[in-house]
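Survey of secondary and tertiary structure
Spelled out from the first residue to the last, the chains are:
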Amino acid sequence: MPELPEVETVRRGLEPAMTGRRIERVILNRPDLRFPFPAQMATVLEGARVERLDRRAKYLLVRFDNAQTLLVHLGMTGRFSIEADDNHQQPGDFVHAAPANPAHDHCVFEIEGGVTVRYNDPRRFGFMVLFETALENEVSFLKDLGPEPNANDFSAPYLISALEGRRTPIKAALLDQAFIAGLGNIYVCEALHRSRISPRREARTIKGERAERLTAAIRQVITDAINAGGSTLRDFASADGALGYFQHSFRAYGREGEACVTEGCEGEIRRIVQSGRSTFYCGRCQR
């Protein structure tokens, strides 16, 4: 499932195609995705101008000048494509994404200037929610989210305070969206490896220098992943807009049995299952 950096990459890809333009037509080719499309979605959005595109955690937020916001979650297979001047661009193509089939174009936005933005989702695990922008703090998907990994309010003191007394493994704690917003399985594994902290360690023991290392690692891995997508997103070097993905730089995730890349470490990457999710880590240098 796309994580925060991939969703940010998609946001950046959609931004120049949508921001400042008016929605001329909304075509819904089925009544629902994971949930039904918002009632009167086409009526509300047609004629509205896109003011900006934001991201909160793993959600895209499309802001309109009629005081409405469209929240989009990509699920496992959701993706957007942009058609303009006979060019086809794919803003975000993820590790396990299947080739796009036009039969799965469930929502189409026709935008002024001859731009068409298509939402394609073969498994339909994504969803869209429309709400009044002023009521954002009441939206169930947003109201309980913790700070963003790169926000000013995410810090080592916050980490220590939020983990106080928690006996759950640190891996599980970092996946709690009420604790920190947007982190998923891949980048938690990567941050724990960079900070040399075992995913099995009890969350309450993350204090002092460990907390500093973990905070810095989380910030850096998210920044590196966003930069890896954004650097090639801007020029769409290949015909279908394929990106230079951060997975080529994974230190731990998906590398079971391979040598640990930490300098001076002679261990190898192991895989265990925690709460039904694969965890990749080095048992020698992560403590």
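The structure we're discussing is the one just above.
Remarks on empty space enclosed by the protein
In this structure the tally under the stated criterion is three cavities of 30 Å³ or more. Computed from the structure, the second largest cavity encloses a volume of approximately 50 Å³. If you trace the second largest cavity, you find it lined by Leu14, Met18, Leu60, Val62, Phe64, Leu70, Val72, Phe80 and Phe109. Of all the elements in the fold, those that place two or more residues in the lining of the second largest cavity are helix 1 (4-18), strand 3 (59-64) and strand 4 (68-73). Looking at which element gives the most residues to the lining of the second largest cavity, the answer is strand 3, with three residues. Split by residue class, the lining of the second largest cavity holds nine nonpolar, no polar and no charged.

Details of the environment of Ser249
Here Ser249 shows up in the loop between helix 6 (208-233) and strand 10 (269-274). Once the C-alpha coordinates of Ser249 and Glu190 are considered, the two residues, 59 residues apart in sequence, prove to be 9.8 Å apart.

Regarding the nonpolar core
Counting residues in each nonpolar core, the largest one holds 30 residues, and the members touching the most others are Leu70, Phe80 and Phe109. Among the elements that take part in this core, helix 1 stands out by supplying five residues, more than any other. If you look at the next biggest cluster of nonpolar residues, it comprises 28 residues, including Leu4, Phe154, Ile170 and Ala211.

Section: the environment of His106
Among the secondary structure elements, His106 is positioned in strand 7 (residues 105-111). Owing to a relative accessible area of 5%, His106 belongs among the buried residues under this scheme. Sequence separation of His106 and Leu28 is 78 residues, and the distance between their C-alpha atoms is 5.9 Å. Leave out the neighbours within four places in its chain, and His106 touches Ile27, Leu28, Asn29, Arg30, Leu33, Phe37, Tyr119, Asp121 and Arg124.

A closer look at the sheet that holds strand 4
Spatially, four strands are ordered 2-3-4-9 in an open sheet, and the strand pairing comes out antiparallel. Across the chains shown, the open sheet's two edge strands, defined by having one partner strand only, are strand 2 (50-56) and strand 9 (127-132). Going across the sheet, the axis of each strand differs from the next one's by a mean of 20°, ignoring polarity. Here strand 4 pairs with strand 9 via six bridges, running antiparallel. Among the inter-strand pairings, Leu71 is bridged to a residue of strand 9, identified as Val129.

Some words on the pattern of salt bridges
Tallying each qualifying case throughout the model produces 21 salt bridges. Across the pair Arg25 and Glu110 runs a salt bridge whose closest N-O atoms are separated by 3.8 Å. Placement of the pair is Arg25 in strand 1 (residues 23-28) and Glu110 in strand 7, with a sequence separation of 85 residues. By relative accessible area, which is 44% here, Arg25 ends up partly exposed. Measuring nitrogen to oxygen at the nearest pair gives 2.7 Å for the salt bridge that ties Glu148 to Arg55. Of this pair, Glu148 sits in the loop between strand 9 and helix 3 (156-163) while Arg55 sits in strand 2; the two residues are 93 residues apart in sequence, bridging distant segments of the chain. On the accessibility criterion, Glu148 (14% relative accessible area) is buried. Where salt bridges share partners, they join Glu8, Arg11, Arg12, Glu15, Arg55, Arg56 and Glu148 into one cluster.

Calculation notes
All residue numbers refer to position in the chain's written sequence, counted from 1. The predicted nature of this model means local features are confined to residues of pLDDT at least 70 and side-chain atom pairs, given and counted, to a pLDDT of 80 or more, with totals for whole chains, interfaces and linings taken over all residues. To get the side-chain values, all heavy atoms of the structure are used, and hydrogens and water are removed first. Grid points spaced at 1 Å and placed over the protein atoms alone form the basis of the search, with a cavity being a set where a 1.4 Å probe fits but cannot get out and a pocket an open set showing protein on both sides within 12 Å along at least five of seven lines. Lining residues have an atom within 4 Å of a point. Grid points are joined across faces, edges and corners, and a volume is the space filled by probe spheres set on the points. Helix and strand assignments follow DSSP, with helices taken as H or I runs no shorter than four residues and strands as E runs no shorter than two, numbered in order from the N terminus. Note on residue categories: nonpolar means Ala, Val, Leu, Ile, Met, Phe, Trp, Tyr, Cys or Pro, charged means Asp, Glu, Lys or Arg, and polar means any other residue, Gly included. Side-chain atoms within 4.5 Å link the members of a nonpolar core, which is a set of buried Ala, Val, Leu, Ile, Met, Phe, Trp, Tyr and Cys residues. Burial classes: relative accessible area under 20% of the type maximum marks a residue as buried, over 50% as exposed, and values in between as partly exposed (1.4 Å probe, protein chains only). Here a residue-residue contact requires only that any non-hydrogen atoms of the pair lie within 4.5 Å. Paired strands, in this sense, are two strands between which DSSP finds at least two bridges. Note on definitions: angles span 0 to 180 degrees between N-to-C directions of axes, and those axes are lines fitted to C-alpha atoms, for helices only across the stretch in contact. Salt bridge, as used here, is a side-chain nitrogen of Lys or Arg placed within 4 Å of a carboxyl oxygen of Asp or Glu.

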